[in-house]
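Topology and contacts: notes
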Amino acid sequence: TAWEWVPVVTARERGVIEKEAESEGIKDFSIWQWDISGANSQKAKVLASGRDTFYPVLYATPYEGNYGAIGFDLGSEPVRRSAIEESFRTGMLTATDPVKLVQEKDSHKGMLIFRPLYFDSEHKKPRGLISAALCLDDILQTTTPDTIVIKELFLMDNDGKLASLALSAPER
């Protein structure tokens, strides 16, 4: 779980932002995305490309446990990009569908909630996003401990199908 600052960075501004981040002490900062290639479909970090606008995680707090998300271009992944675009279009808080958070080592599901910020009061020039990265398992685990009740979080799609997102049962 983290709070993140995600600026809007044009391809033209990219080098400036990367240098500024380095000067602020963010070592080896670059705007990156996942590249899945090879026979075993291993993910590898590569420089983000193929778009005119990037949405990199510039800051995350707490830093410990979330540093793996620094520089990740949230716009490089369709689910995240869709929520970002919706947030800027409406000017409202918007959440992603469940995703695997970049900073999580396991396969637990998470969600990102975006609050758009603009340079102007007419909401015409996007500045960036404040993002809350939520690990859904953590949400269930941080509620009042209960040894009798097992909690499960579900997502229902438009067809009424349920998908389990998180379960509070202890590991066996």
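Located above this text is the structure these notes cover.
One structure accompanies this document, and this report is about it.

Notes on the pairing of strand E1 (residues 2-7)
Across six bridges, E1 lies against strand E10 (residues 126-135) in antiparallel orientation. What sits directly across from proline 7, in E10, is glycine 128. Here E1 runs beside strand E6 (residues 59-61); their pairing, made up of three bridges, is antiparallel. Note on E6: the bridge partner recorded for tryptophan 5 is tyrosine 59.

Some remarks on a nonpolar patch on the surface
A contiguous nonpolar surface patch, about 340 Å² in accessible area, is contributed by Phe154, Met156 and Leu162. By secondary structure assignment, the location of methionine 156 is in strand E11 (residues 152-156). Using a relative accessible area of 55% as the deciding quantity, one classes methionine 156 as exposed.

Considering the packing of aromatic side chains
All told, the structure shown has five aromatic pairs when counted by the stated rule. Put simply, the rings of Trp32, Trp34 and Phe72 touch in pairs and so form one group of aromatic residues. The ring of tryptophan 32 has lysine 45 sitting right over it, with the charged end atom 4.4 Å from the ring centre.

Some details on helix H2 (residues 78-90)
Between its first and last C-alpha atoms H2 spans 18 Å; for 13 residues at 1.5 Å apiece the expected length is 18 Å, and the two agree. The inward-facing, buried residues of H2 contact strand E7 (94-95), strand E8 (99-100), strand E9 (109-118) and E10. The N-cap of H2, judged by a side-chain oxygen 3.2 Å from the amide nitrogen of valine 79 a few residues on, is glutamate 77. Trailing H2 by a residue or two, glycine 91 shows a phi angle of about 75 degrees, which is positive.

What counts, and at which threshold
- Residues numbered from 1 in each chain as written.
- Predicted model: local features only at pLDDT ≥ 70, side-chain atom pairs only at ≥ 80, totals over all residues.
- Heavy atoms only, no water.
- Pairing = 2+ DSSP bridges.
- Helix = DSSP H or I, 4+ residues; strand = E, 2+ residues; numbered from the N terminus.
- Patch = residues over 30% accessible without salt bridge, like charges linked within 9 Å, V, L, I, M, F, W, Y side chains within 5 Å.
- Areas by Shrake-Rupley, 256 points an atom, 1.4 Å probe, with all protein chains shown as cover.
- Salt bridge = Lys/Arg side-chain N within 4 Å of Asp/Glu carboxyl O.
- Buried < 20%, exposed > 50% of the residue type's maximum accessible area, 1.4 Å probe, protein only.
- Phe/Tyr/Trp six-rings, centres within 6.5 Å; stacked < 30°, edge-to-face > 60°.
- Lys NZ or Arg CZ within 6 Å of the ring centre and 35° of its normal.
- Expected span 1.5 Å × (residues − 1).
- Contact = heavy atoms within 4.5 Å.
- Polar contact = N/O pair within 3.5 Å; in protein donor to acceptor, adjacent residues only side chain to side chain.

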